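Per-entry structural report
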Amino acid sequence: MNFSTCIEEGFRGCVLVSREGERIYEQAFGYADYANGRKNTLDTKFPTASAGKVFVAVAILQLIEAGKLQLTDTLGNLIPMDWKAIDTDITVRQLLTHTSGIPDYFDESIMEDYVELWRDYPNYKIRRSSDLLPLFLEKPMMYPKGERFQYNNTGFVVLGMIIESVTGQLFDEYLKEHIFEPAGMMDTGYYELDRLPAKCANAYIYDEERGDYYTNIYSVDVKGTGAGGAFTTVLDILKFWNCLFAGEFISLDMVNEMTSIQASDDEDSYGYGIWIGVMEDGRCIPNFMGCDPGVSFVTSFDRTKETCIIVVSNYGDNVWKIRKNIADM
């Protein structure tokens, strides 16, 4: 198959396609460091925005299987603090499925650009999940808990805090120890933008007025939280999928529960921390994605066809169209 025809001209980032355990297409495009001409490669670490929610979900399910947590556990019991007007009876399951109604610090239904958050609250203050509390703690509930499905970033910030409360570790340290290292995902982690390790890609935003690119270092959290922000490579994401479906993180029964529809609306279906694409022939294809200023990422795994597709861009290019083109082929 000539997958290169699926890649739009001018795309910047990486694409990997695997089928039946064999990598059948892999290619890098554009620059990780535009000014210095450092090219993207297959082992470039890309920021992935909300894609990290799936790692948090796996960690929560691990803790459930270990008997340290239950889906019915409530916010008030797990993190005893003054939650203001937030319902303390919100459950772990409702947080996992975006049905909690907790006030969203970045409500994508009314806010268009993530950079809006940092006009009055410096992004360099965000180095832990709890650092986001001031952005939502004083807000009212969006709707009564359990009433409906509505994508919610705060819910996963709180799940990151729950991991910390239950384990006594920072959530990203727990993920490193229990997901990334066991899977051999040695190029995946939550890095501070002012302390990036080697082989990380800068994320670029185009300035229409000046006709050039600038990095997103003032447009996103300086370090990722439970809501997202992991850096990873396309190769590590393939390892993640393979380990997930091999039952190496959580039991296969739990994997099936995670990748089954747990909540939905007229347009979208969701499992636990993962989107579920329902095809015309009835197949359910789990996928996860992320989008920030200068960042776009999507990956899916069709278990029926044993096909994995991973597309990431550090210029915010349309990775969703490329993934669809490849899936259609």
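These notes cover the structure that comes with them. Worth saying up front: this structure is predicted, and the values here are computed from it rather than measured. (Residues numbered from 1 in each chain as written. Predicted model: local features only at pLDDT ≥ 70, side-chain atom pairs only at ≥ 80, totals over all residues. Heavy atoms only, no water.)

This part is about a negative patch on the surface. Together, Asp265, Asp266, Glu267 and Asp268 make up a region of like negative charge exposed at the surface. By secondary structure assignment, the location of Asp266 is in the loop between strand E9 (263-264) and strand E10 (269-270). Of the residues examined, Asp266 reaches a relative accessible area of 85% and is grouped as exposed. (Patch = residues over 30% accessible without salt bridge, like charges linked within 9 Å, V, L, I, M, F, W, Y side chains within 5 Å. Areas by Shrake-Rupley, 256 points an atom, 1.4 Å probe, with all protein chains shown as cover. Salt bridge = Lys/Arg side-chain N within 4 Å of Asp/Glu carboxyl O. Lys, Arg positive; Asp, Glu negative; His and termini not counted. Charge placed at Lys NZ, Arg CZ, Asp CG, Glu CD. Helix = DSSP H or I, 4+ residues; strand = E, 2+ residues; numbered from the N terminus. Buried < 20%, exposed > 50% of the residue type's maximum accessible area, 1.4 Å probe, protein only.)

Attention shifts here to the packing of helix H1 (residues 53-65) against helix H5 (residues 171-180). Axis separation between H1 and H5 bottoms out at 10 Å; the angle between their running directions is 75°. Taken together, the axes of H1 and H5 lie roughly perpendicular to each other. Every residue of H5 that contacts H1 at Phe55, Val56, Val58, Ala59, Gln62 and Leu63 is listed here: Phe171, Tyr174, Leu175, His178, Ile179 and Phe180. Of the residues belonging to the contact of H1 with H5, the class tally is 10 nonpolar, 2 polar and no charged. (Axes fitted to C-alpha atoms, helices over the stretch in contact; angles between N-to-C directions. Parallel < 35°, antiparallel > 145°, perpendicular 65-115°, else oblique. Contact = heavy atoms within 4.5 Å. Nonpolar A, V, L, I, M, F, W, Y, C, P; charged D, E, K, R; others polar.)

Our next topic: the packing of H1 against helix H6 (residues 234-245). In contact at an axis separation of 13 Å, H1 and H6 are set at 30° when each is read in the N-to-C sense. One element, H1, and the other, H6, form an angle in the roughly parallel class. For H1 against H6, the interelement crossing comes out left-handed. Together, Val54, Phe55 and Val58 of H1 and Ile237, Phe240 and Leu244 of H6 make up the contact between the two elements. Taken together, the residues of the contact of H1 with H6 sort by class into 6 nonpolar, no polar and no charged. (Left-handed = near helix turned anticlockwise from the far one by under 90°.)

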